[in-house]
Amino acid sequence: MTFGVKMVPIQIAGGGLAGLTLGIGLRQAGVPVTVFEAGGYPRHRVCGEFIAGRGLDALAALGLRAKFLKAGAVEAQTALFSVGSARSLIRRLPRPALCLSRFILDKLLADEFVALGGDLRAGTRWAGGFGEGTVRASGRRPSQVQDGAVWFGLKIHARNVPGDAGLEIHVLKNGYVGLCRLADGWVNVCGLFRKDRQEQRENRGAELLRGPPGSLLHERLARAEFDESSFCAVAGLSLKAERAMGRAECRLGDALTMIPPVTGNGMSLAIESASLALPPLAAFSRGEISWVRARGVVAARCDGAFRRRLRWAALLQHAMLSRGVSGLLMALRSNWFWRTAFSLTR
Ligand SMILES: Cc1cc2nc3c(=O)[nH]c(=O)nc-3n(C[C@H](O)[C@H](O)[C@H](O)COP(=O)(O)OP(=O)(O)OC[C@H]3O[C@@H](n4cnc5c(N)ncnc54)[C@H](O)[C@@H]3O)c2cc1C
């Protein structure tokens, strides 16, 4: 808290992970903050619900990691990959990940922001510009067609799903499904799918998440009980990496760039981008630097932190989702490949 200095207020459009994490960090620094969120809390969202990598350090620095654990986050220690009926060995994650339902997580962050004195306008869509003092944290930029295909995501929670790894990634012909173990026996079943533009096939919704008969995924979900109220879908995903430098807006999280979901690192990037933005935005609020300077420093810090990871993530996603995935499982059988792929995308 800075006494005797009139702080310039900051507006944030978007109360998802990036917006709320930034709001919490700024409130901890005594900055007056308003977050505009088009939706409400709590609500289910299409997400693998698996937080891994450096975002965990940013959460700990804000005092949020312990709160996530108290709210029921569980640690994932291991991962397994499968293609059809073939499967890799169970691999130990280089560092445990945190798994928590977005239904709980986003509400927890919203409550924390309000408890710190933040002004949260839920159910209010920001329709203004992104000039001085306004941050865009409004999530993914929709893109109807990318590389000749439409990408869409589905998710549902289920119980009675056998398995021995904290995270399972099942690669399918047209995408992948992740199974992430949550608290109390629940498993998050979340998939990213590609539908080619010329394909006329009907979208079979939640059925797609079960995988084709004969696959390990199908076997895992054979006796699953689904929580229908948790089902959600999102379409028109843009999976393109973007640079922050040169933009006339201050953007964070998916609004800045989207890392391929298969890396399980989008939430981490959202949290990290907020944490990288904190010092320059707080300095702007205290009147120490101009908005243009603050925006430039945020962009340079985000580009510096994410450029290499985004490049490797795009390569990994291409390898996983290209039509010929037979070599992938072979690669994932190699402990060296697995550890390298994990660390290069984090
Ligand atoms: C299929 C799939 C699986 C994924 N799995 C994982 C995973 O396992 N691990 C992982 O780390 N990441 C995963 N991700 C990515 C992760 O969900 C996102 O990267 C993360 O949610 C980005 O956070 P954000 O705050 O930038 O955006 P969001 O969490 O999307 O928040 C943006 C918010 O802005 C609001 N909003 C939008 N426009 C406005 C406006 N004009 N005014 C006010 N509010 C507005 C929206 O309602 C929303 O609440 C996955 C994504 C997909 C699609």
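Before any of the text, the structure's been laid out above.
Just so it is clear, the model here is predicted, and its values are computed rather than measured.

A. Up close: the overall build of the protein chain. The secondary structure content of the protein chain amounts to 9 helices and 14 strands. For the protein chain, the residues scored as buried account for 47% of the 346 residues in total. When contacts within the protein chain are restricted to residue pairs at least 6 apart in sequence, long-range pairs at least 24 apart make up 76% of them.

B. The arrangement of the packing of helix H1 (residues 17-28) against helix H6 (residues 266-285) in detail. At their nearest, the axes of H1 and H6 sit 8 Å apart, and the two run at 35 degrees to each other. Between H1 and H6 lies a crossing whose hand is right-handed. In this structure, H1 contributes Leu17, Ala18, Thr21, Leu22, Gly25 and Leu26 to the contact, and H6 contributes Met267, Ala270, Ile271, Ser273, Ala274, Ser275, Ala277, Leu278, Leu281 and Ala282. The residue makeup of the contact of H1 with H6, split by class, is 12 nonpolar, 4 polar and no charged.

C. Representation of the sheet that holds strand S2 (residues 33-37) in the model. Ordered in space as S7-S2-S1-S8-S14, the 5 strands form an open sheet in which the pairing is parallel. The open sheet has two edge strands with one neighbour each: strand S7 (119-122) and strand S14 (250-251). Here strand S8 (residues 134-136) runs beside S14; their pairing, made up of 2 bridges, is parallel. Its bridge partner being in S14, Val135 is matched across the sheet by Cys250.

D. Highlighting the environment of Glu242. Relative to the elements of secondary structure, Glu242 occurs in the loop between strand S13 (225-235) and S14. Taking the number of C-beta atoms within 10 Å as the measure of exposure, Glu242 has 16 and is therefore partly exposed. With 13 residues separating them along the chain, Glu242 and Ala255 place their C-alpha atoms 9.4 Å apart. Among all residues touching Glu242, those that are not within four sequence positions of it are Leu256 and Thr257.

E. Layout of the packing of H1 against helix H4 (residues 102-115). With their axes 9 Å apart at the nearest point, H1 and H4 run at an angle of 25 degrees to one another. Classified by the angle their axes make, H1 and H4 are roughly parallel. As for the relative orientation of H1 and H4, their crossing is left-handed in sense. Touching Leu20, Thr21, Gly23, Ile24 and Arg27 of H1 are Leu109, Ala110, Glu112 and Phe113, all from H4.

F. Representation of H4. Helix length check: H4 (14 residues) gives 19 Å between terminal C-alpha atoms against 20 Å at 1.5 Å per residue, within 8%. Restricting attention to buried positions, one finds in H4 the residues Arg102, Leu105, Asp106, Leu108, Leu109, Ala110, Glu112 and Phe113. Among the residues trailing H4, Gly117 stands out with phi positive, at a value near 95 degrees.

G. Geometry of the site of the ligand. Contacts to the ligand come from 37 residues, most closely from Gly16, Gly48, Gly139, Gly253 and Gly266. For the shell around the ligand, the leading source of residues is H6, giving 4 residues. Considered class by class, the residues forming the shell around the ligand number 19 nonpolar, 14 polar and 4 charged.

H. Seen up close, the nonpolar core. Counting 94 residues, the largest nonpolar core has Leu22, Cys99, Leu252 and Leu281 as the members making the most contacts within it. A total of 11 residues in this core trace back to one element, the largest contributor, which is H6. Residues contacting Cys99, with those up to four places away along its chain left out, are Glu49, Phe50, Ala73, Val74, Ala76, Gly166, Cys180, Arg181 and Leu182.

I. Region of the structure containing the pairing of strand S6 (residues 91-99). Sheet topology note: the strand S3 (residues 50-51)/S6 ladder contains 2 bridges and is antiparallel. Residue pairing across strands places Phe50 opposite Cys99, the latter belonging to S6. Summarising the sheet, strand S4 (residues 74-83) and S6 pair through 5 bridges and their orientation is antiparallel. Within S6, the residue paired with Glu75 across the bridge is Leu98.

J. Highlighting unusual backbone geometry. That bond from Tyr41 to Pro42 is cis: its omega, -5 degrees, falls within 30 degrees of zero. Among the structural elements, Pro42 can be located in the loop between S2 and S3. Unusually for a residue other than glycine, Asp184 sits at a positive phi of about 55 degrees. Secondary-structure assignment places Asp184 in the loop between strand S11 (175-181) and strand S12 (187-196).

Conventions adopted
Residues numbered from 1 in each chain as written. Predicted model: local features only at pLDDT ≥ 70, side-chain atom pairs only at ≥ 80, totals over all residues. Helix = DSSP H or I, 4+ residues; strand = E, 2+ residues; numbered from the N terminus. Buried ≥ 20, exposed ≤ 12 C-beta atoms within 10 Å, placed from the backbone. Contact = placed C-beta atoms within 7 Å. Axes fitted to C-alpha atoms, helices over the stretch in contact; angles between N-to-C directions. Left-handed = near helix turned anticlockwise from the far one by under 90°. Nonpolar A, V, L, I, M, F, W, Y, C, P; charged D, E, K, R; others polar. Pairing = 2+ DSSP bridges. Parallel < 35°, antiparallel > 145°, perpendicular 65-115°, else oblique. Expected span 1.5 Å × (residues − 1). Near = placed C-beta within 6 Å. Core = buried A, V, L, I, M, F, W, Y, C linked by C-beta atoms within 7 Å.

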